[in-house]
Amino acid sequence: SRLEKTKQSMCSVSCVHVYSLSKSQLPDMVGALYATDYDSIRQNLRQSSKYGGIVCSESTQRSQEDLDSFRSKGTYL
C-alpha cells in the first residue's frame, strides 16, 4: 500500500495517525481553518491535551533535549 511504501522511505516512524480515508474535494476555506486551529493548539498545547478523548497511560512527555534533537534533524516543528 502507499502508506507502507511511505513509511519504508523514512528513517524512523514515531507515530502513525490515520484520520480519514475518504476522497473528497475540499473547500477553499479549509486551509485557513486548519491554520487557525493549528496555531491555537500550539499555543495551548499543554492545556488542550487534557481535554482530548484519546488517552494512553503509557505515553510520556518528551524532554526538551529530545525535542531539540528532533528539531536539529528537521523531524519536528
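Bear in mind the structure is a predicted one, so any value in this text is a computation, not a measurement.

Participant: I would appreciate a short explanation of the overall build of the chain in the present structure.
Facilitator: Looking only at helices and strands, the chain has 4 helices and 0 strands in total. Starting at the N terminus and walking to the C terminus, you meet the elements of the chain as α-α-α-α. When burial is assessed residue by residue, the chain has 1% of its 77 residues classed as buried. Surface exposure of the chain reaches about 7800 Å², of which carbon and sulfur atoms provide 54%.

Participant: For this particular structure, what's the right way to read the pattern of salt bridges?
Facilitator: When the charged atoms of two side chains with opposite charge come close together, those side chains can pair. Going through the model one piece at a time under the given rule, you end up with 2 salt bridges. Notably, a salt bridge pairs Lys7 with Glu4, separated by 3.4 Å at the nearest N-O pair. Separated by 3 residues within a single helix, Lys7 and Glu4 lie in helix α1 (residues 2-8), roughly one turn from each other. The shortest N-O distance in the salt bridge between Arg71 and Asp68 comes to 3.6 Å. Within this pair, Arg71 and its partner Asp68 are both found in helix α4 (residues 64-73), separated by 3 residues, close to a single helical turn. Overall, Arg71 belongs to the partly exposed group, its relative accessible area being 35%.

Reading the values: the criteria
- Residues numbered from 1 in each chain as written.
- Predicted model: local features only at pLDDT ≥ 70, side-chain atom pairs only at ≥ 80, totals over all residues.
- Heavy atoms only, no water.
- Helix = DSSP H or I, 4+ residues; strand = E, 2+ residues; numbered from the N terminus.
- Buried < 20%, exposed > 50% of the residue type's maximum accessible area, 1.4 Å probe, protein only.
- Areas by Shrake-Rupley, 256 points an atom, 1.4 Å probe, with all protein chains shown as cover.
- Salt bridge = Lys/Arg side-chain N within 4 Å of Asp/Glu carboxyl O.

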